[in-house]
Amino acid sequence: MIKNIIFDMGNVLLDYDPEVSLQLFLDNEEDRRIIKKELFEGTEWIEGDLGRMDNKSRYEAIKKRIPERLYPGLKACVYQWQICMTPLEGAREFVSSMKEKGFNIYVLSNASDTFYEYFPNFLPLDYFNGVMISADVHLIKPDIRIYQTFLKEYGLDPGECLFIDDRKNNVEGAETVGMKGMIFNGDFKRLSEFTAGLKIQ
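Residues numbered from 1 in each chain as written. Predicted model: local features only at pLDDT ≥ 70, side-chain atom pairs only at ≥ 80, totals over all residues. Heavy atoms only, no water.

**Thoughts on the sheet that holds strand S1 (residues 4-7)**
Logical step 1: Strand order in the open sheet formed by five strands is S5-S4-S1-S6-S7, with parallel pairing between adjacent strands. Two strands lie at the open edges of the sheet, namely strand S5 (130-133) and strand S7 (180-183), each paired on one side alone. Going from strand to strand, the sheet's axes swing by 20 degrees on average, the running direction of each strand aside.
Logical step 2: In this structure, strand S4 (residues 104-109) lies alongside S5, joined through four bridges in parallel fashion. Looking across to S5, one finds that Ser109 is bridged to Ile133.
Logical step 3: Packed on one face of the sheet, helix H11 (residues 188-196) meets strand S6 (161-165) and S7 and runs near 160 degrees to S7. (Pairing = 2+ DSSP bridges. Helix = DSSP H or I, 4+ residues; strand = E, 2+ residues; numbered from the N terminus. Axes fitted to C-alpha atoms, helices over the stretch in contact; angles between N-to-C directions. Contact = heavy atoms within 4.5 Å.)

Right under this line is the structure:
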């Protein structure tokens, strides 16, 4: 019996696409390639999600590895990358429909603490029964400890939880601790059809 629906954030609720900021702040494809690799695919990004590095530290560390001409573009991407975090079409409506049906709704996401600046533009934090981000617990998905920490924090039975994420390895991590998992592919109609068969006790 599923009582709790747990959402990832990026590419499930909000459209995480670094290309938006790369296109806006950098003039050519080669510069975009460099910043994408060093910022969005670098260790500093993971350190931010783990809550070990803030934007200032991230910028100072990465600028040592890139040409000086890219400093302004890097700085803009570091401090303003979240301009890409716009709601996926249908996301608010789906979350609201699940709440209206009586499910408890949660967010469990890999994210730095800037999450608290942009996510409330999607829905207020207190709209959810609980929200946990990786930066707060210094663990990232798919490390099974983050799922265990989440379940313990909110007193949830994993067998009563459906976890929705766009990444297969993150879903598999949730399934390892006993949750039911679903890989989200951007299709809220399919997700609605899937959850229509769920019953609440």
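What follows picks up the thread again.
**Thoughts on the side chain of Ser134**
Logical step 1: With respect to the helices and strands, the residue Ser134 is situated in helix H8 (residues 134-137).
Logical step 2: Assessed through its relative accessible area of 0%, Ser134 is described here as buried.
Logical step 3: In this structure, Ser134 is in contact with Asp49, Leu50, Ser109, Asn110, Ala111, Leu139, Ile140 and Ile146, ignoring residues within four places of it in sequence. (Buried < 20%, exposed > 50% of the residue type's maximum accessible area, 1.4 Å probe, protein only.)

**Some remarks on the pattern of salt bridges**
Logical step 1: The tally for this structure, following the rule as stated, stands at 14 salt bridges.
Logical step 2: In this structure, Glu29 and Arg32 form a salt bridge, with 3.3 Å as the shortest nitrogen-oxygen distance. With Glu29 and Arg32 both in helix H2 (residues 29-40) and three residues apart, this pair spans about one turn of that helix.
Logical step 3: A relative accessible area of 52% means that Glu29 is categorised as exposed. (Salt bridge = Lys/Arg side-chain N within 4 Å of Asp/Glu carboxyl O.)

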